[in-house]
Amino acid sequence: MELRHLRYFVMVAEERHFTRAAVRLNMQQPPLSQQIRALEAELGFELFKRHPKGVDLTTGGAVFLEEAKVILARVQQASRRAARVAEGIEGTLSIGFTSSAAAHPLIPRVIRAYRERYPAVSLTLEEGNAGHLTERTAAGQLEVGILRAPVSHPVGIEFHRLLVEELLLVLPAGHPALASHPEAVELQAVRDEPFILVRRPGAPGMYAKLLQACEAAGFQPRIAFEVGRMLTNVSLVAAGEGISVVPASMRGIHRESVVYRRILGARPRLVAPLTLTCRGFNQSPALQNFIALARQLAKEYRAQALREGT
């Protein structure tokens, strides 16, 4: 039994006449009658009672008509839904993010714009560090991760750098270095301070570059705490436990108790990228749409920042 047999049957049942049904189906009447006979033979009972003026449904035919319509409607519904999923306008998308990446204004803007553009795509969101998100993406447990600097490069994983921003020094309000460095601070000026940093597994690239910059400035930083999230190190700075560095987009956190300053003369330059990570093969259309939208909005964000000189 094929779907065309169901369509033929439903058409004859609606018209109550083989010739009229054949016209609607754009086929000859004899082949249509043969197909219905074959369907009846397969089912083992008559679907129609033939008479000179046309046909009437049998009791079994009436029940089969109800079921055939349901099947054809489900097939049509499945076809429409599959087409929408194939275009990325329906489906699911799992997104992971680090706390520092989510703190950048671009990321909520991307997620909101994606929800507005593709409301039928169901989003699942989770937080983790860069290493964890990369591992889950590589394992196929997460479709896209939003992080700062990549911590590893598994086979089959691709990275899309959206933008790069500078790292800022975070000091407790009233710190002595602020008196002589009101706009920007050299690393030399904080060489004796305890540093609060995100653990190496969470942000090894930015951690390593800070160490290199401190060594180039002639000192080894004293690490007071290693924390799991960048939001935590700002809180500890606010508590007076040390100083830290964070991406510039986080400078609105604890503004009443910490001060953010640009870093002068750091070598290498201290920056924080914003990166998407995903598998480079068998990407769902929903994921492809998300990547395209994120890259578009990142380009607009960079252009706006350039115009505003920020």
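The rules behind each value
Residues numbered from 1 in each chain as written. Predicted model: local features only at pLDDT ≥ 70, side-chain atom pairs only at ≥ 80, totals over all residues. Heavy atoms only, no water. Phe/Tyr/Trp six-rings, centres within 6.5 Å; stacked < 30°, edge-to-face > 60°. Helix = DSSP H or I, 4+ residues; strand = E, 2+ residues; numbered from the N terminus. Buried < 20%, exposed > 50% of the residue type's maximum accessible area, 1.4 Å probe, protein only. Expected span 1.5 Å × (residues − 1). UniProt positions renumbered as here; feature names shortened; annotations may be inferred. Axes fitted to C-alpha atoms, helices over the stretch in contact; angles between N-to-C directions. Parallel < 35°, antiparallel > 145°, perpendicular 65-115°, else oblique. Left-handed = near helix turned anticlockwise from the far one by under 90°. Contact = heavy atoms within 4.5 Å. Nonpolar A, V, L, I, M, F, W, Y, C, P; charged D, E, K, R; others polar. Salt bridge = Lys/Arg side-chain N within 4 Å of Asp/Glu carboxyl O. Core = buried A, V, L, I, M, F, W, Y, C linked by side-chain atoms within 4.5 Å. Arc of directions from axis to C-beta.

Student: Hey, could you run me through the packing of aromatic side chains in this one?
Tutor: Two measures describe an aromatic ring pair: the distance that separates the ring centres and the angle between the ring planes. One pass over the full model with this rule turns up five aromatic pairs. Considering the side-chain rings of Phe9 and Phe64, the 5.2 Å spacing of their centres and the 55° angle between planes classify their relative orientation as tilted. Residue Phe9 is located in helix H1 (residues 3–15), and its partner Phe64 is located in helix H4 (residues 59–86); the two are separated by 55 residues in the primary sequence. The two residues Phe9 and Phe64 agree in class, both being buried. Plain terms: the ring middles of Tyr114 and Tyr118 are 4.9 Å apart, the flat faces sit at 45° to each other, and that makes the pair tilted. In this structure Tyr114 comes out as buried when scored by relative accessible area, which is 0%. Given a relative accessible area of 13%, Tyr118 falls into the buried group. Here a set of aromatic residues connected by ring pairs shows up, and it is made of Phe9, Phe18, Phe48 and Phe64.

Student: Is there a simple way to explain H4 in this structure?
Tutor: Residues separated by three or four positions in an α-helix point in the same direction, a consequence of the helix having 3.6 residues per turn. The first and last C-alpha atoms of H4 sit 41 Å apart over 28 residues, in line with the 40 Å expected at 1.5 Å per residue. Among the residues of H4, Gly61, Phe64, Leu65, Ala68 and Leu72 are the ones counted as buried. At the exit of H4 stands Gly88, carrying a positive phi of roughly 80°.

Student: Where do I start with the UniProt feature "domain: HTH lysR-type" (unreviewed entry) in the chain in this structure?
Tutor: According to UniProt, the "domain: HTH lysR-type" (unreviewed entry) feature falls on residues 1–58. Its end C-alpha atoms 19 Å apart, residues 1–58 is made of 62% helix and 14% strand.

Student: Mind showing me how you'd approach the packing of helix H6 (residues 106–117) against helix H11 (residues 285–308) here?
Tutor: Packed helix pairs are characterised by how far apart their axes lie and by the angle those axes make with each other. Interaxial distance between H6 and H11 falls to 10 Å at its minimum, and their mutual angle equals 130°. By the angle between their directions, the pair H6 and H11 is classed as oblique. For the crossing formed where H6 meets H11, the hand is right-handed. Of the residues in H11, those in contact with Leu106, Arg109, Val110, Ala113, Tyr114 and Arg117 of H6 are Ala286, Asn289, Phe290, Leu293, Ala294, Gln296, Leu297, Ala298, Tyr301 and Gln304. Each residue belonging to the contact of H6 with H11 can be placed in one class, and the counts come to 11 nonpolar, three polar and two charged.

Student: Which parts of the structure should I look at to understand the pattern of salt bridges?
Tutor: A side chain of one charge can pair with a side chain of the opposite charge when the charged atoms of the two come close. In total, this model carries 13 salt bridges according to the counting rule given. A salt bridge links Glu90 to Arg81; the shortest N-O distance between them is 2.7 Å. With its nearest N and O atoms 2.9 Å apart, the salt bridge here joins Arg136 to Glu126. Of this pair, Arg136 sits in helix H7 (residues 130–138) while Glu126 sits in strand E4 (residues 121–127), placing them 10 residues apart in sequence. One continuous salt-bridge network, built from bridges that share partners, spans Glu14, Glu15, Arg20 and Arg24.

Student: Explain the nonpolar core to me, please; I cannot follow it from the model alone.
Tutor: Grouped burial of nonpolar side chains is what soluble globular proteins tend to show. Among the nonpolar cores identified, the biggest contains 37 residues, and Leu169, Leu187 and Val190 are the most heavily contacted of them. With six residues, helix H9 (residues 204–216) is the single largest residue contributor to this core. In this structure, Tyr114, Leu123, Val144 and Leu163 belong to the second largest nonpolar core, which totals 28 residues.

Student: I'm lost on helix H2 (residues 18–25) in this one. Help?
Tutor: The set of residues buried in H2 consists of Phe18, Ala21 and Ala22. One face of H2 carries all of its buried residues, which in axial projection span an arc of 100°. Lining the buried residues of H2 we find H1, helix H3 (29–43), strand E1 (48–51) and strand E2 (54–57). In the stretch just after H2, Asn26 is the one whose phi turns positive, near 60°.

Student: Explain the packing of H2 against H3 here, please?
Tutor: One can describe the packing of H2 onto H3 by two numbers: an axis separation of 9 Å at closest approach and a directional angle of 105°. Compared by their axis directions, H2 and H3 come out roughly perpendicular. Residues Phe18, Thr19, Ala21, Ala22 and Leu25 of H2 form the contact with H3, whose participating residues are Gln29, Leu32, Ser33 and Ile36. Residues belonging to the contact of H2 with H3 are distributed by class as follows: six nonpolar, three polar and no charged.

Student: Just to check I follow, could you spell out the environment of Ala184 for this structure?
Tutor: Among the structural elements, Ala184 can be located in strand E7 (residues 184–186). A sequence separation of 80 residues divides Ala184 from Leu264, and the C-alpha atoms of the two residues are 6.2 Å apart. If sequence neighbours within four positions are ignored, Ala184 has contacts with Arg261, Arg262 and Leu264.

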